[in-house]
Amino acid sequence: MGLELYLDLLSQPCRSIYIFARSNNIPFEFKHVELFKDSVLGKRPAAGSGAEQPRAGPSNSEGTGKVSLLKKVPALKDGDFTLAECTAILLYLSRKYNTPDHWYPSDIQKRARVDEYLSWHHANIRANAPKTMWIKVLIPLFTGQPLPSEKLQEVMEGLSTSLKQFEERFLQDKAFIIGSEISLADLVAIVELMQPVGVGCDVFEDRPRLMEWRRRVEDAVGKELFFQAHEMILNIKELSNIQIDPQLKEQLAPVLMKMLK
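Residues numbered from 1 in each chain as written. Predicted model: local features only at pLDDT ≥ 70, side-chain atom pairs only at ≥ 80, totals over all residues. Heavy atoms only, no water.

**Digging into the overall build of the protein**
In terms of regular secondary structure, the protein is built from 13 helices and 4 strands. With 261 residues in all, the protein has 51% of them scored as buried. By element, 50% of the accessible surface of the protein is carried by carbon and sulfur atoms, the whole surface being about 12900 Å². (Helix = DSSP H or I, 4+ residues; strand = E, 2+ residues; numbered from the N terminus. Buried < 20%, exposed > 50% of the residue type's maximum accessible area, 1.4 Å probe, protein only. Areas by Shrake-Rupley, 256 points an atom, 1.4 Å probe, with all protein chains shown as cover.)

**Structural notes on the pairing of strand β1 (residues 3-7)**
Here is the key point about a regular strand: its side chains alternate between the two faces of the sheet. Burial analysis of β1 places 5 of its 5 residues in the buried class, the great majority of the element. Side-chain alternation along β1 places Leu 3, Leu 5 and Leu 7 on one buried face and Glu 4 and Tyr 6 on a second face that is also buried. Sheet analysis places β1 next to strand β3 (residues 75-78), joined by 4 bridges and oriented antiparallel. Opposite Tyr 6, over in β3, you have Ala 75 as the bridge partner. The pairing of β1 with strand β2 (residues 29-32) spans 4 bridges and is parallel. Bridging across to β2, Tyr 6 finds its partner in Lys 31. Read as a crossover between parallel neighbours, the route from β1 over helix α1 (residues 12-23) to β2 is right-handed. (Pairing = 2+ DSSP bridges. Right-handed = clockwise from strand over helix to strand, strands pointing away.)

**Focus on unusual backbone geometry**
Its identity as a non-glycine residue notwithstanding, Gln 172 has a phi of 50 degrees, on the positive side. Here Gln 172 shows up in the loop between α8 (149-171) and α9 (184-198). Non-glycine residue Asp 206 carries a positive phi angle of around 65 degrees. By secondary structure assignment, the location of Asp 206 is in the loop between α9 and α10 (208-221). A relative accessible area of 72% means that Asp 206 is categorised as exposed.

**Section: the side chain of Asn 124**
By the secondary structure assignment, Asn 124 is in the loop between α5 (108-123) and α6 (125-128). By relative accessible area, which is 15% here, Asn 124 ends up buried. For Asn 124, the side chain forms a polar contact with the main-chain oxygen of Trp 120, separated by 2.7 Å. Dropping the residues within four chain positions of it, Asn 124 is found in contact with Ser 162 and Gln 165. (Polar contact = N/O pair within 3.5 Å; in protein donor to acceptor, adjacent residues only side chain to side chain. Contact = heavy atoms within 4.5 Å.)

**Comments concerning the pairing of β3**
Burial along β3 is two-sided: the face carrying Ala 75 and Lys 77 and the face carrying Leu 76 and Asp 78 are both buried. The pairing of β3 with strand β4 (residues 81-84) spans 4 bridges and is antiparallel. Counterpart to Asp 78 in the pairing with β4 is Phe 81. Counting the residues that bridge the hairpin from β3 to β4 gives 2 residues, and of these Gly 79 lies at a positive phi of roughly 70 degrees.

**Re the sheet that holds β4**
Strand order in this open sheet of 4 strands is β2-β1-β3-β4, and the pairing throughout is mixed. The sheet is open, and its two edges are formed by β2 and β4, each paired on a single side. For this sheet, the mean angle separating the axes of adjacent strands, direction not counted, is 20 degrees. The strands touched by α1 within the sheet are β1 and β2, with β1 carrying the most contacts at an inclination of about 145 degrees. With respect to the sheet, helix α4 (residues 86-96) is in contact with β1, β3 and β4, its orientation differing from that of β4 by roughly 135 degrees. (Axes fitted to C-alpha atoms, helices over the stretch in contact; angles between N-to-C directions.)

**Thoughts on the pattern of salt bridges**
Tallied over the entire structure, the rule returns 11 salt bridges. Between Glu 116 and Arg 169 there is a salt bridge whose closest N-O contact spans 3.4 Å. Here Glu 116 is found in helix α5, whereas its partner Arg 169 is found in helix α8, with 53 residues between them in sequence. According to the relative accessible area criterion, Arg 169 is partly exposed, its value standing at 45%. Of the charged contacts in the structure, one is a salt bridge between Glu 212 and Arg 215, with a shortest N-O distance of 2.7 Å. Here Arg 215 and Glu 212 lie together in helix α10, a separation of 3 residues that amounts to about one turn. Accessibility expressed as a relative area gives 41% for Arg 215, which makes it partly exposed. (Salt bridge = Lys/Arg side-chain N within 4 Å of Asp/Glu carboxyl O.)

Right under this line is the structure:
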């Protein structure tokens, strides 16, 4: 039995694992899991076509529950071994497949810098960036009405503060977070910042240092792979065309609203 990765590329952590595995030529079977299953969001518009389209094939949503005790993606299955959580999966892949040292350096201080960013990331960039998609697309989809502009402004202000810290504390005048080569820190950061871009909140605009960093990350993993992995999020507004069952809207709208309080 080979390596299986259970992923939905709408998810930022899933995209980081997908890009990492593909850019390092790690052989794996792509197990497509829909975070927003047809039974929840109705019929999803086609995401595109082509031999490299990772969304093709049936959903493996039920299989995820058997692989991950947390019943969420990303999830890894390697023979009888299963693993959840993005960082744990990235580190497992880097060690098992002996990927180039720059991803997670053997130098103890460089490795500590990667660890430092990954720890900071969750309470800062990740705490705000995903909310833009909920505010601009998903909550309006379920409630039938847009949220007040003040809510988005509040989230963007928090994200702006995090981006300022990211540039000044982590990126500084370096090509990448830990120096001249890309690391897992850069990969985890970039996929998160593409989430607001997909809903029209371009966090790179008017931030030339951040934009140059993004271009270097794209070049490091390959532009074709980068945009393939982000195809769905960059077309996320297509979800606004989905017809939601009124009863389902009534059940889920209050829950979603509480998420942003």
